[in-house]
Amino acid sequence: RPTDMRDRSVVELQKRFDVDLVQAQRVARSALWLYDQICATSEPADELRRELGWAAVLHEMGMLVSHHDHHRHSAYLLAHVDAAGFSQSQQRRLGALVLGQRGGLRKCEMALTDPVFARQLLCLRLAVIACHRRDDPDMQGWRLRVRNGTAELDVDGQSTPDPRTQYLLREEATRWERSPSVSFRLRALANGNSAALTACQVNAR
């Protein structure tokens, strides 16, 4: 594939906003690994995958403005900054993904009516949760799949998340459950070790 001007723009934005490159790549790897498990073959997979990757590596660019609500600053910057190669609509889409990386989902309510966007956002949010300790997460036991319009994350007992990650996954379930566009349920499994299964309805009601 020829060099894409957008890749250069992303690198320039990372430098300009002093992005933590190690954490950015960590979240991107995790998000893309999850996305590859559920990417529908009928979608323009490569472009959507790249969108998710760009959002992931820039999701903390707002940290330069403020650590508090950095996702909001990141989203604003992504939607308005001069980024050669990106259309305004694609920058807005990246901004919406970054805005939805954490916290409640009401702010992304309209965008979540798009099931493709919902899958991208789910993968980004799960990756941010998995990498919250800012070290490399053990995700080998994480399996994400889509059945009948529902994305399910199954975490086996051999790679049980730490208690904080389990708490964040349960909190994530609650947040999706409250969304008017998406239903979400979380089931905890116990077999000596605590494992978790999350299921997210990714199509609009």
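Coordinates for the structure precede this section.
Residues numbered from 1 in each chain as written. Predicted model: local features only at pLDDT ≥ 70, side-chain atom pairs only at ≥ 80, totals over all residues. Heavy atoms only, no water.

**Student:** Kindly report on the overall build of the protein, identifying the contributing residues and their values.
**Tutor:** Counting secondary structure elements, the protein contains seven helices and four strands. Helices and strands appear in the protein in the N-to-C order α-α-α-α-α-α-β-β-α-β-β. Counting only residues that meet the buried cut, the protein has 50% of its 205 residues in that class. Taking contacts inside the protein between residues at least 6 apart in sequence as the whole, the part at least 24 apart equals 62%. Entry remark: accessible area of the protein is about 10200 Å², with carbon and sulfur atoms responsible for 49%. (Helix = DSSP H or I, 4+ residues; strand = E, 2+ residues; numbered from the N terminus. Buried < 20%, exposed > 50% of the residue type's maximum accessible area, 1.4 Å probe, protein only. Contact = heavy atoms within 4.5 Å. Areas by Shrake-Rupley, 256 points an atom, 1.4 Å probe, with all protein chains shown as cover.)

**Student:** Can you explain the packing of aromatic side chains? Please cite residues and give values.
**Tutor:** Applying the stated criterion to the full structure yields one aromatic pair. In this structure, R6 packs its charged tip against the face of F86, placed 6.0 Å from the ring centre. (Phe/Tyr/Trp six-rings, centres within 6.5 Å; stacked < 30°, edge-to-face > 60°. Lys NZ or Arg CZ within 6 Å of the ring centre and 35° of its normal.)

**Student:** Lay out the pairing of strand β2 (residues 150–155) in plain terms, naming residues and giving numbers.
**Tutor:** Burial runs high along β2: five of the six residues are buried. Bridge count between strand β1 (residues 142–147) and β2: six bridges; the pairing is antiparallel. Bridging from a neighbouring strand, L144 pairs with L153 of β2. (Pairing = 2+ DSSP bridges.)

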